[in-house]
Amino acid sequence: MFAAERRQLILEMVRANGAVSLRELARVVQTSEVTVRRDVRALEAEGLLDRRHGGAVLPGGFTRESGFPQKSHLATAEKTAIADLAANLVEEGEAIVVGAGTTTQELARRLARVPGLTVVTNSLLVAQALAHANRVEVVMTGGTLRGSNYALVGSGAEQSLHGLRVSRAFLSGSGLTAERGLSTSNMLSASVDRALVQAAAEVVVLADHTKLGTDTMFQTVPTDLITRLVTDEPPAHDDRAATELQALADQGVQIAVAGGQGGSSAGVGAPGGDSVPARQQRRDVPLPGPRRQVPGGGGGLRSASMLGEQSPGAERARVADLRRR
């Protein structure tokens, strides 16, 4: 590895984790601690990081990723609404993967009622939410525990996902844009999320409106691999979020918005043919036709036009009209 590449990787690790030891840096870039110390000194001279005894830390101008205690108190009502709506995508007897995050933790609490479900996860919080669900099998990845978000990361987690195939992956992240897709602030978390995506036939992103239009360091899911986005209704003054939603829709992402003001309560087809309860208001963003054929067909989020053509009520009315003729 050239010095410039090595220093870029060192900088990314420090930005993603806030503080990294020289030993860990040397292990990742596969060189000696003496060389890494020289690289850290050069980066400090450029003002990109600060040296500390035995390691490197962010300078005052950078902020690190918020930990679980901070995230758990952000947009709690929105996360609950998103989880309620997303849970309707999951069918009895299905096998899915669920990534780490506070929104996916809320989803897991609702999945405890789905019989015959198999959930593969790298999140201790997701596993804990399903621990007492007798009819749900929980499969955890291996890996190293990342304490800030209670997730298993690293090569052990990624290797345990090799050869796995499930119907859907439910993921959250730190930011979502139409240009770059889903991203996160931590390199190790991003790498595991990419492995989760590779295991799934369909990718469902759970992201509240505060993450729309935000771009963070490490891309996890490019926009063309995102099948569906479940989000909440942006405030009326939040032009950035509304613009980003439309841009995502223009690129073929199927979008459902929970908690929309004045939205229709009928719309999302739930497993078994049930409709979403009236308390889960939904607004459809105009969408182009679906980009891919999703295995298993029903149970997904649908655009307004698709709902008009495929709803059970419309089909019964059409059959009754044919009989009268």
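Residues numbered from 1 in each chain as written. Predicted model: local features only at pLDDT ≥ 70, side-chain atom pairs only at ≥ 80, totals over all residues. Heavy atoms only, no water.

Moving on: the overall build of the protein. Along its length, the protein carries twelve helices and 16 strands. If you sum the accessible surface of the protein, you get close to 15,300 Å²; carbon and sulfur atoms cover 50% of it. (Helix = DSSP H or I, 4+ residues; strand = E, 2+ residues; numbered from the N terminus. Areas by Shrake-Rupley, 256 points an atom, 1.4 Å probe, with all protein chains shown as cover.)

Before going further, it helps to examine the sheet that holds strand β13 (residues 218-221). Spatial ordering of the open sheet is given by β10-β11-β13, a layout of three strands whose pairing is antiparallel. Of all the strands in the sheet, just β10 (175-177) and β13 have a single pairing partner and so form its edges. Strand-to-strand twist across the sheet, computed as the mean angle between neighbouring axes with direction ignored, equals 35°. Bridge analysis of strand β11 (residues 181-184) against β13 gives three bridges, and the strand direction is antiparallel. Bridge assignment links L182 to a residue of β13, and that residue is V221. Along the sheet, helix α9 (residues 187-198) contacts β11 and β13; its crossing angle with β13, the most-contacted strand, is approximately 20°. (Pairing = 2+ DSSP bridges. Axes fitted to C-alpha atoms, helices over the stretch in contact; angles between N-to-C directions. Contact = heavy atoms within 4.5 Å.)

The biggest cluster of nonpolar side chains holds 27 residues, and the ones touching the most others in it are L176, V205, L212, V221, L229, L248 and I255. Taken together, the elements giving at least two residues each to this core come down to β9 (166-171), α9, β12 (200-206), α10 (239-250) and β15 (254-258). Counting residues per element, this core draws most heavily on α10, at four residues. Other than its neighbours up to four places away in sequence, V205 contacts L171, L176, L182, I226, R228, L229 and V230. In terms of nonpolar packing, the next biggest core, distinct from the first, is built from 25 residues, I82, L107, L130 and A256 among them. (Core = buried A, V, L, I, M, F, W, Y, C linked by side-chain atoms within 4.5 Å. Buried < 20%, exposed > 50% of the residue type's maximum accessible area, 1.4 Å probe, protein only.)

The next subject is the packing of helix α2 (residues 22-29) against helix α3 (residues 33-45). As a packed pair, α2 and α3 sit with axes 9 Å apart at the nearest point and diverge in direction by 105°. On the basis of the axis angle, α2 is roughly perpendicular to α3. Seen from α2, the contacting residues are L22, R23, L25, A26 and V29; seen from α3, they are E33, V36, R37 and V40. Class assignment of the residues belonging to the contact of α2 with α3 gives a composition of six nonpolar, no polar and three charged. (Parallel < 35°, antiparallel > 145°, perpendicular 65-115°, else oblique. Nonpolar A, V, L, I, M, F, W, Y, C, P; charged D, E, K, R; others polar.)

With that settled, the discussion passes to unusual backbone geometry. One non-glycine residue, Q30, adopts positive backbone phi at about 60°. Among the secondary structure elements, Q30 is positioned in the loop between α2 and α3. The backbone of Y150 shows a phi angle near 55°, a positive value even though the residue is not glycine. Along the chain, Y150 falls in the loop between β7 (144-146) and β8 (151-153). For Y150, a relative accessible area of 36% corresponds to the partly exposed category.

This paragraph deals with the environment of V253. Structurally, V253 is set in the loop between α10 and β15. Placed 30 residues apart in sequence, V253 and T223 show a C-alpha to C-alpha distance of 7.7 Å.

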